[in-house]
Amino acid sequence: TKTFKHDARFWFLRVAPRIILAPFFYVGFADFWLADQLNSLGQALKDFQFLLCFYISGETMDDDWDNADSLGYCSSSAWWLVALVACLPAWFRFAQCIRRYRDTKEAFPHLVNAGKYSTTFFVVTFATLDSVYRTQTERSPFFYLYIMSAIISSCYTYIWDIKMDWGFFNAGAGDNRFLREEIVYSSKGYYYFAIVEDLVLRFSWAYKLILKEVGFAAYAEFTTSVFAALEVVRRFIWNFFRLENEHLNNCGKFRAVRDISVAPIDASDQQQIIKMMDEPDPTSLFRKKKILKSQGHVVDPLKVPLLKDSDDKPASAVAALKTFHIGSRRRNKEADRLEEDLQRRLLDLNQHETV
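Since we're looking at a predicted model, the values are computed, not measured. (Residues numbered from 1 in each chain as written. Predicted model: local features only at pLDDT ≥ 70, side-chain atom pairs only at ≥ 80, totals over all residues. Heavy atoms only, no water.)

**A word on the overall build of the protein**
For the protein, the count of helices and strands is 12 helices and two strands. Each helix (α) and strand (β) of the protein, taken in turn from the N terminus, gives the series α-α-α-α-α-α-α-α-α-α-β-β-α-α. Among the 355 residues that make up the protein, the fraction classed as buried is 35%. In the protein, the proportion of contacts linking residues at least 24 apart, taken out of those at least 6 apart, comes to 58%. (Helix = DSSP H or I, 4+ residues; strand = E, 2+ residues; numbered from the N terminus. Buried < 20%, exposed > 50% of the residue type's maximum accessible area, 1.4 Å probe, protein only. Contact = heavy atoms within 4.5 Å.)

Below is the structure:
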């Protein structure tokens, strides 16, 4: 039914098959973006698996389905299906990275990024094996392998978040110390907070382990729920700076042009953006004509002159210059040089009219 964000739900149904069958489909921005969100919903996926298992399994409910006899194997961390579900989000992104390497032939960053997601496989495998072989009095050797793999995975993913996804600690950051040359948000404090917050929450598994060791094992379900919610918060913050870096620097090479406007969009623009996200080759849409509502006719933006002819009034040229600069962010050096050249032309026009 066309209720509760009908367009968004059907957009998800279009993108989801490309994520599930990642190696066989071209990876667009929406595909990678949604798959990354799934990596922060691992606990939710495992809970959904438990829900299905609980009602399907014959070991959990009595014959009348009135009472739950036991949880059976549905809640066992040693069950292979739990491990498989936990690995699925990482597998989707791993497969996407392999596909992007196939399409671009660039080992860096795609194979290195695939290696990042492969660390999740080791973490889940060793955690599952530890659940199988440990006893109530002794830990299994797999526990120490789990700790080592979890540390490597957390460090790997954190460094990738900060350096690659967000583009921080750039050598040419200038006044934006520890960040990058261009930033969009008004306060640098947002960026520094995100750096610390991401580090803290990337090691949430360690806090759960410590709480369990100091006597909070009885509250394991509660702490799991709390840290699962905090992981969603971490991903929510990650999204802002990842999208900002993609917009400014095209770090993922998901678009073909460097400069795009960050001016507010209206409802009609959203359909064009959604179409561009779903298009396997979005460059084919860049040169299409756009309807300018204020003028009421179709024009090609690439054919609109930046300046009027020399016999026009300078005021018209100034208006054209203002129309050209529709973005609100800081421009790069090439744009600054272009503006200086345009200003010199305006001065020449003024002098010519004065004479």
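**Overview of the nonpolar core**
Core analysis: the largest hydrophobic core is formed by 16 residues, its most contacted members being Phe32, Ile162, Trp166, Phe168, Tyr191, Ile195 and Phe241. Of all the secondary-structure elements, those providing two or more residues to this core are α2 (29-39), α6 (141-165), α7 (188-202) and α9 (220-249). Grouped together as the second largest cluster of nonpolar side chains are nine residues, Phe126, Tyr146, Ile147 and Ala206 included. (Core = buried A, V, L, I, M, F, W, Y, C linked by side-chain atoms within 4.5 Å.)

**Notes on the packing of aromatic side chains**
As enumerated under the stated definition, the model contains 27 aromatic pairs in all. With centroids separated by 5.3 Å and ring planes inclined at 25°, the aromatic side chains of phenylalanine 29 and tryptophan 33 adopt a geometry described as stacked. Taken as a pair, phenylalanine 29 and tryptophan 33 lie in helix α2 at a separation of four residues, close to a single helical turn. Of the two residues examined, phenylalanine 29 and tryptophan 33, each falls in the buried class. Between phenylalanine 168 and tyrosine 191, the aromatic rings sit 5.7 Å apart at their centres with planes inclined by 70°, giving edge-to-face as the arrangement. Remark: tyrosine 191 occurs in helix α7 and phenylalanine 168 occurs in the loop between α6 and α7; sequence separation between them is 23 residues. In this structure, phenylalanine 168 and tyrosine 191 share a single accessibility class: buried. (Phe/Tyr/Trp six-rings, centres within 6.5 Å; stacked < 30°, edge-to-face > 60°.)

**Focus on the packing of α2 against helix α4 (residues 80-104)**
For the pair α2 and α4, the least separation of the axes is 8 Å and the interaxial angle reads 150°. In terms of orientation, α2 lies roughly antiparallel with respect to α4. At the point where α2 passes α4, the crossing takes the left-handed sense. Residue-level contacts link Asp31, Phe32, Ala35, Asp36, Leu38 and Asn39 of α2 to Pro89, Ala90, Phe92, Arg93 and Gln96 of α4. Residues of the contact of α2 with α4, tallied by class, amount to six nonpolar, two polar and three charged. (Axes fitted to C-alpha atoms, helices over the stretch in contact; angles between N-to-C directions. Parallel < 35°, antiparallel > 145°, perpendicular 65-115°, else oblique. Left-handed = near helix turned anticlockwise from the far one by under 90°. Nonpolar A, V, L, I, M, F, W, Y, C, P; charged D, E, K, R; others polar.)

**A few points about the state of the cysteines**
Inspection of the entire model under this criterion finds one disulfide. Shown here is the disulfide that connects cysteine 53 with cysteine 74, its sulfur atoms set 2.0 Å apart. Taking the torsion about the S-S bond as the criterion, the cysteine 53 to cysteine 74 disulfide, at about -75°, is left-handed. Taken together, the positions of cysteine 53 in helix α3 (residues 42-56) and cysteine 74 in the loop between α3 and α4 put the pair 21 residues apart, joining distant regions of the chain. Exposure class is identical for cysteine 53 and cysteine 74. Each is buried. (Disulfide = S-S within 2.5 Å.)

**Some details on the pattern of salt bridges**
Under the counting rule described, the total for this entry stands at 13 salt bridges. Among the ionic pairs, arginine 242 bridges to aspartate 165, the shortest N-O distance being 3.6 Å. Taken as a pair, arginine 242 in helix α9 and aspartate 165 in helix α6 lie far apart in primary sequence, 77 residues in all. In terms of burial, arginine 242 and aspartate 165 fall into one category: buried. A single salt-bridge network, built from bridges that share partners, covers Asp161, Asp198, Arg202, Glu231 and Arg234. (Salt bridge = Lys/Arg side-chain N within 4 Å of Asp/Glu carboxyl O.)

**Notes on α4**
The end-to-end C-alpha distance of α4 is 35 Å, a good match for the 36 Å that 25 residues give at a rise of 1.5 Å each. Where α4 bends most, at leucine 88, the angle is about 40°, and the proline proline 89 comes one to four residues later. Just beyond α4, the residue with positive phi is lysine 105, at close to 60°. (Expected span 1.5 Å × (residues − 1). Bend = angle between axes of the 7 residues up to and from the residue.)

**Regarding the confidence of the model for the protein**
Note: predicted coordinates in regions of low pLDDT should not be interpreted at a detailed level. On average, residues of the protein carry a pLDDT of 80, and 71% of them reach 70 or more. Residue range residues 286-296 is modelled with pLDDT below 50. Its contacts to residues more than four positions away, or to other chains, number 16 contacts. Segment residues 301-331 is flagged for pLDDT under 50; beyond a separation of four residues in sequence, or across chains, it makes 40 contacts in the model. (pLDDT = per-residue confidence, 0-100.)

**Some points on the environment of alanine 86**
Here alanine 86 lies in helix α4. Put simply, alanine 86 and leucine 41 are 45 residues apart on the chain and 9.6 Å apart in space, counted from C-alpha to C-alpha.

**Things to note about the side chain of threonine 224**
Tracing the backbone shows threonine 224 in helix α9. Of the polar contacts made by the side chain of threonine 224, one reaches the backbone oxygen of alanine 220; its length is 2.8 Å. Ignoring any residue separated from it by four or fewer positions in sequence, one finds threonine 224 in contact with Gln43 and Lys208. (Polar contact = N/O pair within 3.5 Å; in protein donor to acceptor, adjacent residues only side chain to side chain.)

**Looking at unusual backbone geometry**
The omega torsion across phenylalanine 108 and proline 109 is 15°, close enough to zero to call that bond cis. Inspection of the secondary structure puts proline 109 in helix α5 (residues 107-133). Phi is positive for lysine 105, close to 60°, though the residue is something other than glycine.

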